[in-house]
Amino acid sequence: MSQVQDRLFAGKVALVTGGGTGIGKGIAKELAARGAHVIIASRSLENLTPAVAEVTAQGGSIEAHIMDVRNTDQIEALLKTVKQTRRGIDFLVNNAAGNFLVPTRKLSYNGWKTVIDIVLNGTFYCTKVFGEDMIERGEGGKIINIVATYAWHGSPGVVHSAAAKAGVVALTRSLAVEWAPYDLQINAIAPGPIEGTGGQERLFPDEVVEAVRQSIPAKRLGQTSEVGKAAAFLLSPDASFITGEVLTMDGGAWLGKGMLERFAEMPTFRKGTP
Ligand code: COA
Ligand code: NAP
């Protein structure tokens, strides 16, 4: 994180689920750098404590709480705790997720249910608890859901996650309309492969990550800070008329999957003489 840069989000409180690691940490750092008080929440203090130290060392304001997004009692308890010292949450980033690569024939009922519970149900529970509080307070609010491009093109090996993310896109668009009258904006970000995250390091061996890198038109993976900056934009007043949108940031990866994808890489094409 750069040192606290500007005070665009001074006085704002942001909750980032799964904010101790990977993309969530990238978002937490960027919001703290812009003056927000950031709350990160997940199942394990081991994941949260180092992020708190990192943000604090750079001058940011941050606190961590244990919360499993599948547990509505814990979510409601966090809201109560927050309201003891602050008005509530202004920005909610539903980033927490669980995923594993598995051929669908080997995916157990409980494996399917676990990922749907974290990604789809967890996003809904947090959105309902914190979103309703935003509505009751009457000061507006912003929600960002972190999805993935396979929400619309699907993917082998992650049928549970793809189905859950597709549900989150539908949730995003539905509530963008239903809650617009309360001045809530609800958007999603669909990152492509992002370096230094559980989504890459836990899921894929190095050679797969390299193959993924080569398949991206931009020929690189994304950075967590890039996702953080995109989230900061969507949460900023500059984006106040944007709602129900999915911002894809994947270096052209999914668009590059068209029929002529390989053609674009051929030397004749690059020289401009196809
Ligand atoms: N392949 C096949 N099935 C798997 C699996 C794998 N790699 N990992 C877990 N499962 C199955 C388990 O076998 C279990 O099903 P079963 O009861 O039929 O055996 C089910 O999934 C739940 O597993 P469990 O370990 O009890 O779940 P959990 O709630 O403790 O953890 C996970 C959730 C499985 C999603 C775990 O990977 C996790 O905590 N992930 C968080 C981080 C992450 O996924 N980051 C990437 C984000 S993109
Ligand atoms: P990550 O580093 O593994 O982070 C996932 C976070 O979610 C962890 O901090 C984890 O913390 C938390 N979490 C998991 N289950 C939880 C639960 N039940 N309750 C509360 N918190 C929980 O993964 P990542 O790659 O940064 O992924 C972040 C988001 O980006 C996810 O939504 C993912 O689907 C999406 N995404 C990632 C990529 C990528 O390339 N990395 C690409 C597209 C989309 P605890 O273990 O402490 O709970």
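The name given to the protein in an unreviewed UniProt entry is Short-chain dehydrogenase, and the organism recorded there is Ferroacidibacillus organovorans.

A. Broad picture of the nonpolar core. The biggest cluster of nonpolar side chains holds 29 residues, and the ones touching the most others in it are Val-16, Ile-27, Leu-31, Val-38, Ile-40, Ile-144 and Ile-189. Contributing elements (two or more residues each) for this core: strand S1 (13-17), helix H1 (22-33), strand S2 (37-42), helix H2 (45-57), strand S4 (91-94), strand S5 (141-146) and helix H9 (224-235). It is H9 that contributes the most residues to this core, six residues altogether. Not counting chain neighbours up to four residues away, the residues in contact with Val-16 comprise Gly-24, Ile-27, Ala-28, Leu-31, Val-38, Ile-39, Ile-40, Ala-41, Val-93 and Asn-95.

B. Examining the site of ligand 1 more closely. By nearness alone, 13 residues border ligand 1, and Arg-43, Arg-70, Asn-99, Ser-108 and Asn-110 come closest of all. Between ligand 1 and Arg-70, the relevant distance is 2.9 Å, taken from an oxygen atom to a side-chain nitrogen or oxygen of the residue. For ligand 1, whose unbound accessible area comes to 930 Å², protein coverage reaches 56%. For the shell around ligand 1, the element with the highest residue contribution is helix H4 (residues 109-137), accounting for three residues.

C. Broad picture of empty space enclosed by the protein. One pass over the full model with this rule turns up one cavity of 30 Å³ or more. Reported here for the largest cavity is a volume of approximately 30 Å³. Forming the walls of the largest cavity are Thr-17, Val-69, Asn-94, Asn-95, Ala-96, Ile-118, Gly-122, Thr-123 and Cys-126. It is H4 that provides the largest number of residues to the lining of the largest cavity, a total of four residues. Residue classes in the lining of the largest cavity are distributed as four nonpolar, five polar and no charged.

D. A look at the sheet that holds strand S3 (residues 61-66). Read across the open sheet, the seven strands follow the order S3-S2-S1-S4-S5-S6-S7; overall the sheet is parallel. Single-partner strands in this sheet number two, and they are S3 and strand S7 (246-249). On average, each strand axis in the sheet is tilted by 20 degrees relative to the strand beside it, whichever way the strands run. As judged from the four bridges shared by strand S6 (residues 184-191) and S7, these two strands associate in the parallel manner. The residue of S7 that forms the bridge with Ala-190 is Thr-248. Where H1 meets the sheet, it contacts S1, S2, S3, S4, S5 and S6, and its direction lies at approximately 170 degrees from that of S1. Each of S2 and S3 is contacted by H2, which is oriented at about 175 degrees to S3, the strand it contacts most.

E. Just the packing of aromatic side chains, in detail. Throughout the structure, instances matching the rule amount to three aromatic pairs. With centroids separated by 5.1 Å and ring planes inclined at 75 degrees, the aromatic side chains of Phe-9 and Phe-91 adopt a geometry described as edge-to-face. Of the two residues, Phe-9 sits in the segment before S1 while Phe-91 sits in strand S4, which places them 82 residues apart along the sequence. For the pair Phe-9 and Phe-91, one class covers both residues: buried.

F. Spotlight on unusual backbone geometry. Even without being a glycine, Asp-183 presents a positive backbone phi close to 60 degrees. Positive phi values are uncommon outside glycine, yet Lys-219 reaches one of about 60 degrees. On the accessibility criterion, Lys-219 (34% relative accessible area) is partly exposed.

G. Focus on the environment of Gly-122. As for its position among the elements, Gly-122 is in helix H4. Since its relative accessible area comes to 2%, Gly-122 is described here as buried. The spacing of Gly-122 and Gly-192 is 70 residues in sequence and 21 Å in space, taken between C-alpha atoms. If near-sequence neighbours (up to four positions away) are discounted, Gly-122 is found in contact with Val-69 and Asp-117.

H. Molecular detail of the packing of H1 against H9. At a minimum axis distance of 7 Å, the contact between H1 and H9 shows a crossing angle of 55 degrees. Between H1 and H9, the angle falls in the class oblique. The handedness of the crossing between H1 and H9 is right-handed. For the pair formed by H1 and H9, the contact residues are Gly-22, Ile-23, Gly-26, Ile-27, Glu-30 and Leu-31 on the first element and Thr-224, Ser-225, Val-227, Gly-228, Lys-229, Ala-231, Ala-232 and Leu-235 on the second. Looking at side-chain class alone, the contact of H1 with H9 contains seven nonpolar, five polar and two charged residues.

The rules behind the values
- Residues numbered from 1 in each chain as written.
- Chains lettered and ligands numbered in written order.
- Predicted model: local features only at pLDDT ≥ 70, side-chain atom pairs only at ≥ 80, totals over all residues.
- Heavy atoms only, no water.
- Core = buried A, V, L, I, M, F, W, Y, C linked by side-chain atoms within 4.5 Å.
- Buried < 20%, exposed > 50% of the residue type's maximum accessible area, 1.4 Å probe, protein only.
- Helix = DSSP H or I, 4+ residues; strand = E, 2+ residues; numbered from the N terminus.
- Contact = heavy atoms within 4.5 Å.
- Near = heavy atom within 4 Å.
- Polar contact = N/O pair within 3.5 Å; in protein donor to acceptor, adjacent residues only side chain to side chain.
- Areas by Shrake-Rupley, 256 points an atom, 1.4 Å probe, with all protein chains shown as cover.
- 1 Å grid on protein atoms, 1.4 Å probe; cavity = no way out; pocket = protein on both sides within 12 Å on 5 of 7 lines; lining within 4 Å.
- Points joined across faces, edges and corners; volume = space filled by probe spheres on them.
- Nonpolar A, V, L, I, M, F, W, Y, C, P; charged D, E, K, R; others polar.
- Pairing = 2+ DSSP bridges.
- Axes fitted to C-alpha atoms, helices over the stretch in contact; angles between N-to-C directions.
- Phe/Tyr/Trp six-rings, centres within 6.5 Å; stacked < 30°, edge-to-face > 60°.
- Parallel < 35°, antiparallel > 145°, perpendicular 65-115°, else oblique.
- Left-handed = near helix turned anticlockwise from the far one by under 90°.

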